[in-house]
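Residue-level listing of the chains:
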Amino acid sequence: MRNYKIFVALLLVVATVRYVNATWNLQNVHGANQGGGRNFPGGGHIPRPRNFYGRQNMLHRLNQVYGANNVPRQQQQQQQGNTAGGLREGFYSTTCPNVEEIVRDTVRKHYNNDPTLAAGILRLFFHDCFVRGCDASLLLDRTPSGELPEKLASANGFTLHGEVVIDATKSAVEAACPGIVSCADILSFATRDVAVLAGLQNFPMVAGRRDGTVSLASDVSVLPDPVSSVSTMAELFNKKGFSLAELVVLSGAHSVGGAHCFAFINRLYNTTDPSLDANMANELKNACPMKPPGSDNTKDAKVDFDPASPMMLDTSYYTQVLKGRGLLTSDHALMVDSRSRAIVSKLAADPENWKSQFSQALVKLSKLDVLVGTQGQIRQQCREVNI
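Residues numbered from 1 in each chain as written. Predicted model: local features only at pLDDT ≥ 70, side-chain atom pairs only at ≥ 80, totals over all residues. Heavy atoms only, no water.

Below, the discussion takes up the overall build of the protein. Secondary structure summary: the protein contains 14 helices and four strands in total. When the 387 residues of the protein are sorted by exposure, 45% land in the buried category. By sequence separation, contacts in the protein at least 24 residues apart represent 73% of the contacts at least 6 residues apart. Within the structure as shown, the protein displays about 19,800 Å² of accessible surface, and the carbon and sulfur contribution to it stands at 53%. (Helix = DSSP H or I, 4+ residues; strand = E, 2+ residues; numbered from the N terminus. Buried < 20%, exposed > 50% of the residue type's maximum accessible area, 1.4 Å probe, protein only. Contact = heavy atoms within 4.5 Å. Areas by Shrake-Rupley, 256 points an atom, 1.4 Å probe, with all protein chains shown as cover.)

What follows is the structure, encoded as structure tokens:
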């Protein structure tokens, strides 16, 4: 209604201007060739007050505000795709129009053979974005500096899963649009696609990220670890611009995938965590027998975060947490802390609301500290910096 009133008011102004212009044109017709007329005799330039809108200027102003079909410009921009910090939906619509289809088809093909890729790619995405921003620095095998890259940090290493799919997707995209699409955008698209395959409704993913050239294992310390308290995690997330509620929403990624024994062995031996569900404690001890100190963790068994539906993104994870069956110390902490427990309870009771919030949180995460414009580069291969 407000936009309609503004539009009507501007139309009245245009009508008035047209009347004045028409009057001036008639009164100046005899002096036109001499640069004047009865109103402004003798001068080649007709002086007009500052900020005066002639007919053309007024129509130009209307176009600035409303654009085509009398649709407000702001609404047109929203219809064309949201923008944020150089990122926007449909970023490759002219340069590589089929990129999202190529990514989706490649990811689906691999996912159909290995549904655990949903958890793997979601984790790649989070561990990439949370460290140096969404710049695909996690995917680098090495960097020109020769320093240890992110993927070799203890929080990553052999636990990473899904890099081969990103490599295959990058190859398919390069075959169609060489040198156009960044690895960071491919990882973001792939994350959206596995989330949809695992149970979410489809949602748009912005693009326009560029790839980083720096990757340092020492930077990975900013990631929350398996024994973090809610206060510790909340502080880390707050530094990245995320609220406690968003922390809890994103923790729902643990509705898929699992953890190796070494990530929760602290809850089982020497003293069993008294807050751990007794039946679950016995199940975990059977899956993860005590080992001598210094044993090879790469051979550890892997236990599902959510045994009820380990391949689906749903709120069963929150139900398990409320029952005292959170696998990691950090999972269980969400139930122990009263602030997060209230959020967990609400999400557990409203699955569709969580799915909507989770997809929104993924998009927000995808915008974290991105490289855009001329920053960074578009890697030819996701594992190597361009030379």
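Right, picking up where we left off after that structure.
Okay, the pattern of salt bridges next. Using the criterion set out here, one finds 19 salt bridges in the structure. With a shortest N-O distance of 3.3 Å, arginine 383 and aspartate 141 are connected by a salt bridge. Placement of arginine 383 in the segment after helix H14 (351-366) and of aspartate 141 in the loop between helix H5 (117-132) and helix H6 (163-176) is noted, with a sequence separation of 242 residues between them. Among the ionic pairs, glutamate 352 bridges to lysine 355, the shortest N-O distance being 4.0 Å. You can see glutamate 352 and its partner lysine 355 sitting in helix H14, three residues apart, about one turn around the helix. Through salt bridges with shared partners, a single ionic network connects Asp141, Lys151, Glu163, Asp167 and Arg383. (Salt bridge = Lys/Arg side-chain N within 4 Å of Asp/Glu carboxyl O.)

This next bit is on the packing of aromatic side chains. Scanning all chains against the criterion turns up nine aromatic pairs. Their ring planes at 80° and their centres at 5.0 Å tell us that phenylalanine 91 and tyrosine 92 sit as a pair that is edge-to-face. Among the aromatic side chains, those forming a connected cluster through ring pairs are Phe126, Phe130, Phe237 and Phe242. The lysine or arginine in question, lysine 240, covers the ring of phenylalanine 130, its NZ or CZ lying 5.7 Å from the ring centre. (Phe/Tyr/Trp six-rings, centres within 6.5 Å; stacked < 30°, edge-to-face > 60°. Lys NZ or Arg CZ within 6 Å of the ring centre and 35° of its normal.)

We now examine the environment of alanine 172. Topologically, alanine 172 is positioned in helix H6. Ignoring anything within four residues of it in the chain, the contact list for alanine 172 reads Ile102 and Thr106.

A low pLDDT score tells you not to read the predicted coordinates there in detail. The predicted model of the protein averages 84 in pLDDT, with 78% of residues at 70 or higher. Note that pLDDT drops below 50 for residues 12-83; the model gives that stretch 69 contacts with residues more than four away or on any other chain. (pLDDT = per-residue confidence, 0-100.)

Moving on: the side chain of aspartate 135. Within the fold, aspartate 135 resides in the loop between H5 and H6. An unpaired buried charge is present at aspartate 135: no salt bridge exists, and arginine 132, the closest side chain of opposite charge, is 4.3 Å distant. At a separation of 2.7 Å, a polar atom in the side chain of aspartate 135 contacts the side chain of serine 137. (Lys, Arg positive; Asp, Glu negative; His and termini not counted. Polar contact = N/O pair within 3.5 Å; in protein donor to acceptor, adjacent residues only side chain to side chain.)

Quick look at the UniProt feature "binding site: substrate" (unreviewed entry) in the protein now. Mapped onto the present numbering, the UniProt feature "binding site: substrate" (unreviewed entry) falls at Pro224. Along the chain, proline 224 falls in the loop between helix H7 (183-197) and helix H8 (230-239). By relative accessible area, which is 24% here, proline 224 ends up partly exposed. Setting aside chain neighbours within four positions, we find proline 224 in contact with Phe126, Phe130, Met233, Leu236 and Phe237. (UniProt positions renumbered as here; feature names shortened; annotations may be inferred.)

Another point: the UniProt feature "binding site: Ca(2+) 1" (unreviewed entry) in the protein. The positions that UniProt labels "binding site: Ca(2+) 1" (unreviewed entry) are, in the present scheme, Asp128, Val131, Gly133, Asp135, Ser137 and Glu150. These annotated residues cover 23 residues of sequence, but their C-alpha atoms sit close together, with the largest distance between any two at 12.4 Å. With respect to the helices and strands, glycine 133 occurs in the loop between H5 and H6. Given the relative accessible area of 0%, glycine 133 is considered buried.

So, about unusual backbone geometry. One non-glycine residue with positive phi stands out, namely alanine 136, at about 60°. With respect to the helices, strands and loops of the structure, alanine 136 is situated in the loop between H5 and H6. Although it is not a glycine, aspartate 369 adopts a positive phi angle of roughly 50°. Among the structural elements, aspartate 369 can be located in the segment after H14. The partly exposed category is assigned to aspartate 369, whose relative accessible area is 47%.

Note: disulfide means a covalent bond formed between the sulfur atoms of two cysteine side chains. All chains considered together, the criterion is met by four disulfides. Residue pairing for cysteine 183: its cysteine sulfur links by disulfide to cysteine 382, the two sulfurs lying 2.2 Å apart. An S-S torsion of about -100° defines the bridge between cysteine 183 and cysteine 382 as left-handed. With cysteine 183 in helix H7 and cysteine 382 in the segment after H14, this residue pair connects regions lying 199 residues apart in the sequence. Residues cysteine 183 and cysteine 382 agree in their burial class; the two are buried. Sequence-ordered numbering of the disulfide-bonded cysteines in the protein gives the connectivity 1-4, 2-3, 5-8, 6-7. (Disulfide = S-S within 2.5 Å.)

Let's shift gears to helix H10 (residues 278-287). One full turn of an α-helix is made of 3.6 residues, so residues set three or four places apart face in the same direction. Regarding H10, the residues found buried are Met280, Ala281 and Leu284. The arc that holds the buried residues of H10, viewed along the axis, is 105°, so those residues lie on one side. The exposed residues of H10 that point more than 90 degrees off its buried face are Ala278, Asn279 and Asn286. Contacts made by the buried residues of H10 are with strand E4 (302-304). Sitting at the amino-terminal end of H10 is aspartate 277, which places a side-chain oxygen 3.2 Å from the backbone nitrogen of asparagine 279. (Arc of directions from axis to C-beta.)

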